Amino acid sequence: MSKTVFDSNLSDEITEDFFLTKVEADIVFEYFKTNPIFLWKDVHNCEDRAEAIALLLTHWSIPHYKGWVFSGFFLKKQIGSLANRWNYHVATALPVKENNAIVYYVIDPAHFNNLATLADWADMVTLEANSYHIIKYANVYIFPTGIIKKYNWHLRNKQNLKWTMQGLAGINGVSITGKAQVAFNKHQVKRTIQRFTALKKQHPIKS
């Protein structure tokens with residue numbers, strides 16, 4: 001029995017006009033799975049990793065979204081928890097057409113060796129029922145502090161782009177400790193930005 005529930009009230013209204021084949025989606029997954037810049041051994045830092053992948057997919061014009069899962073306790077003050085004591089988890093999702101329907105497959109090599117459907121992914125990281133999973137536009141960076149509604153999320157901007165690059169470098173730039181790490185590891189962040197920028201020339205499907 002599934003431990004997760006799809007929350008349509010918080011999900012964005014997704015068009016089904018743009019999609020990939022499963023073969024194309026698998027190629028994209030393997031590209032990110034095998035790229036060392038994403039530090040998949042670290043199960044944390046999900047929002048920056050998902051955003052970095054989304055930025056590349058946007059640059060390559062590959063259709064994608066973001067899948068989010070929340071613990072029942074965090075989102076609705078109900079029973080329900082996620083693995084690692086997380087309040088939430090996020091990963092980039094690819095729309096794939098299968099049997100005349102769109103299936104959303106999540107890119108999360110930290111937890112799966114292959115693509116996983118949005119529901120299977122959410123269920124896997126759910127420790128205790130219920131969790132709630134949703135689908136959002138790719139340019140959504142993070143949810144707001146306070147009440148989470150459908151349209152009050154923070155979109156990507158120059159500030160959270162800095163946090164994304166710092167996150168790829170293994171630094172949580174939002175935390176107090178992370179801010180100190182950024183000050184002492186500017187060269188590491190700069191190298192990460194250079195490596196990330198170089199990836200834009202490596203289209204996984206067309207190459």
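Look up a bit, the structure's there.
The structure contained in this document is the topic of the report that follows. (Residues numbered from 1 in each chain as written. Predicted model: local features only at pLDDT ≥ 70, side-chain atom pairs only at ≥ 80, totals over all residues. Heavy atoms only, no water.)

With that out of the way, let us pick up the overall build of the protein chain. When you go through the protein chain residue by residue, the secondary structure sums to 7 helices and 10 strands. Relative to the 2.2 N^0.38 estimate, which gives 17 Å for 207 residues, the radius of gyration of the protein chain is 17 Å and therefore close to what a compact globule would have. Across its three principal axes, the protein chain shows a C-alpha extent of roughly 45 × 40 × 30 Å. Out of the 207 residues in the protein chain, the part that is buried amounts to 48%. Within the protein chain, contacts between residues at least 6 apart in sequence are counted, and of these 67% link residues at least 24 apart. The protein chain carries 24 positive and 17 negative side-chain charges, and their two centres are separated by 11 Å. (Helix = DSSP H or I, 4+ residues; strand = E, 2+ residues; numbered from the N terminus. Rg over C-alpha atoms; globule rule 2.2 N^0.38 Å. Buried < 20%, exposed > 50% of the residue type's maximum accessible area, 1.4 Å probe, protein only. Contact = heavy atoms within 4.5 Å. Lys, Arg positive; Asp, Glu negative; His and termini not counted. Charge placed at Lys NZ, Arg CZ, Asp CG, Glu CD.)

Another aspect to go through is the nonpolar core. Counting residues in each nonpolar core, the largest one holds 25 residues, and the members touching the most others are Phe32, Phe38, Leu57, Leu94, Ile107 and Phe196. Not counting residues within four places of it along the chain, the set of residues in contact with leucine 94 comprises Leu20, Ala25, Val28, Leu57, Pro63, His64, Val103, Tyr104, Tyr105, Ile107 and Leu115. (Core = buried A, V, L, I, M, F, W, Y, C linked by side-chain atoms within 4.5 Å.)

Now for the packing of helix 2 (residues 46-59) against helix 5 (residues 158-168). The N-to-C vectors of helix 2 and helix 5 enclose an angle of 110 degrees; their axes lie 8 Å apart at closest approach. By the angle class used here, helix 2 and helix 5 are roughly perpendicular. Listed contacts from helix 5 to Asp48, Glu51, Ala52 and Leu55 of helix 2 are Leu161, Trp163, Thr164, Gly167 and Leu168. Per-class residue counts for the contact of helix 2 with helix 5 are 5 nonpolar, 2 polar and 2 charged. (Axes fitted to C-alpha atoms, helices over the stretch in contact; angles between N-to-C directions. Parallel < 35°, antiparallel > 145°, perpendicular 65-115°, else oblique. Nonpolar A, V, L, I, M, F, W, Y, C, P; charged D, E, K, R; others polar.)

With respect to the helices and strands, serine 11 occurs in the loop between strand 1 (4-6) and helix 1 (22-33). Taking the relative accessible area as the measure of exposure, serine 11 reaches 3% and is therefore buried. Note: C-alpha distance between serine 11 and tyrosine 137 (126 residues apart in sequence) is 8.7 Å. If sequence neighbours within four positions are ignored, serine 11 has contacts with Phe6, Ile134, Ile135, Lys136 and Lys150.

What follows is about the packing of aromatic side chains. For the coordinates displayed, the defined rule picks out 18 aromatic pairs. Residues phenylalanine 70 and phenylalanine 143 carry aromatic rings whose centres are separated by 5.3 Å and whose planes lie at 65 degrees to one another, so their mutual orientation is edge-to-face. Taken together, the residues phenylalanine 70 in strand 2 (residues 65-71) and phenylalanine 143 in the loop between strand 9 (140-142) and strand 10 (154-155) connect sequence positions 73 residues apart. For the pair phenylalanine 70 and phenylalanine 143, one class covers both residues: buried. An aromatic cluster of at least three residues, connected via ring pairs, comprises Trp68, Phe70, Phe74, Tyr88, Phe143 and Trp153. Taking NZ or CZ as reference, lysine 77 lies 5.7 Å from the ring centre of phenylalanine 73, over its face. (Phe/Tyr/Trp six-rings, centres within 6.5 Å; stacked < 30°, edge-to-face > 60°. Lys NZ or Arg CZ within 6 Å of the ring centre and 35° of its normal.)

Here the bond from alanine 129 into asparagine 130 is cis, since omega is 0 degrees, no more than 30 degrees from zero. On the secondary structure map, asparagine 130 appears in the loop between strand 7 (126-128) and strand 8 (131-136). In this structure, asparagine 100 is a non-glycine residue whose phi angle is positive, near 65 degrees. Mapped onto the fold, asparagine 100 is located in the loop between strand 4 (88-98) and strand 5 (101-107). What makes asparagine 100 exposed here is its relative accessible area of 74%.

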